[in-house]
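Here's the letter readout for the chains.
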Amino acid sequence: MAETSEAVSARLSELLSEADAPEGRVIEAMRYSALAGGKRLRPFLVVRSAALFNVSPSAALTVAAALEMVHTYSLVHDDLPAMDNDDLRRGRPTCHKQFDEATAILAGDGLLTRAFEVLSDPASHADPAVRCELVRELAAAAGARGMVGGQMVDLMAERGIGDPGLDVASITRMHQMKTGRLIIFAGIAGPIMGKASSRMRACLHAYARDLGLAFQIADDVLDETGSAQDLGKTPGKDAASGKTTFVTLLGLEGARERARLLSDQAVAHLDVFGREADLLRAVARFVVERDK
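Residues numbered from 1 in each chain as written. Predicted model: local features only at pLDDT ≥ 70, side-chain atom pairs only at ≥ 80, totals over all residues. Heavy atoms only, no water.

**Student:** Even after reading the chapter, I still don't get the packing of helix 3 (residues 41-51) against helix 10 (residues 198-225), so can you show me in this structure?
**Tutor:** How two helices sit against one another is set out by the angle between their axes and by the gap between those axes. Following both chains from N to C, one finds helix 3 and helix 10 inclined at 160 degrees, their axes separated by 13 Å at the closest point. Judged by the angle between their axes, helix 3 and helix 10 are roughly antiparallel. In this structure, the crossing between helix 3 and helix 10 has a hand that is right-handed. Between helix 3, through L41, R42, L45 and S49, and helix 10, the contact on the second element is made entirely by L204, Y207, L211 and F215. Within the contact of helix 3 with helix 10, the residues separate by chemical class into 6 nonpolar, 1 polar and 1 charged. (Axes fitted to C-alpha atoms, helices over the stretch in contact; angles between N-to-C directions. Helix = DSSP H or I, 4+ residues; strand = E, 2+ residues; numbered from the N terminus. Parallel < 35°, antiparallel > 145°, perpendicular 65-115°, else oblique. Left-handed = near helix turned anticlockwise from the far one by under 90°. Contact = heavy atoms within 4.5 Å. Nonpolar A, V, L, I, M, F, W, Y, C, P; charged D, E, K, R; others polar.)

**Student:** Help me out: how do you make sense of the packing of aromatic side chains in this one?
**Tutor:** Geometrically, a pair of aromatic rings is defined through the distance of the ring centres and the angle of the planes. Under the criterion given, the structure shown has 2 aromatic pairs. Between F53 and F273, the ring centres sit 6.1 Å apart and the planes meet at 85 degrees, which makes this aromatic pair edge-to-face. Taken together, the residues F53 in the loop between helix 3 and helix 4 (57-78) and F273 in the loop between helix 14 (252-268) and helix 15 (278-287) connect sequence positions 220 residues apart. Using a relative accessible area of 11% as the deciding quantity, one classes F273 as buried. (Phe/Tyr/Trp six-rings, centres within 6.5 Å; stacked < 30°, edge-to-face > 60°. Buried < 20%, exposed > 50% of the residue type's maximum accessible area, 1.4 Å probe, protein only.)

**Student:** How should the nonpolar core be read in this particular structure?
**Tutor:** Across soluble globular proteins, nonpolar side chains have a tendency to be buried as a group. Formed by 81 residues in total, the largest nonpolar core has its most connected members in L45, L134, Y207 and L211. When sequence neighbours within four positions are dropped, the list of residues in contact with L134 reads V63, L119, F185, A189, I192 and M193. (Core = buried A, V, L, I, M, F, W, Y, C linked by side-chain atoms within 4.5 Å.)

**Student:** Any chance you could explain unusual backbone geometry here in plain terms?
**Tutor:** Excluding glycine, residues mostly carry a negative phi; peptide bonds, for their part, are mostly trans. The phi angle at R40 is positive, at roughly 55 degrees, despite the residue not being glycine. If you trace the backbone, R40 turns up in the loop between helix 2 (24-34) and helix 3. The buried category is assigned to R40, whose relative accessible area is 2%. Phi at K195 is positive, roughly 50 degrees, even though this residue is not glycine. Considering the arrangement of structural elements, one finds K195 in the loop between helix 9 (168-193) and helix 10.

Next up, the structure:
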């Protein structure tokens, strides 16, 4: 993951080149957020799923970087005062704290739109039909029926708009949209680029679906048990704001057990790939062991 993170950061730096012009401030803010490090889980999944189908490593890195731009945009906007109002991200001041709110909003907008410019370029894939499918799938994953919609459900629940609370089924659906959809895209990007069979794609879709939910549950656990140094962001915010999480619904040990079960399910979906998918199996174990 560290090697992939370094390679993705280098590709992001290339794709987000600095500009000596008045608009250079927004590019500086885009680079500040996108190059801040992090686990780079989603890009890693793109690169490893693509490797299963002998996709060009350079093309896979380009798609991985585009996905990370969308993910980073979501973090920049999520940290804004109108949303989660956070001061710390990836171990340093959030974008709106380092710059200002307006610049942070524009930086997020810039990252989102640049991602689709990158995906539509032949560097992401030689086949225009594949590029179109990647654009369509990422747009659907990031939009109102995916990540943005999940964020809306989360905000409504937090602010008491609509239904009075979330149960396990509704919070599962919310996180499948808010967190899971981008992770699912990361899992299916490889078979899309490799023009794989529908069976192979379905297996990776199921793997990424279960992995994404396990990742979110483990994140809820870490919010309760981790430190700012461990997390790179402010811990305990969910509890402080009265948010409903998997921990509040299932308890700490119940949430850990649910994450482990989902990790096991994710691994089982990879049987068809044999030893070639060992790194993807390792990731499924890693995401539920981060609080140890």
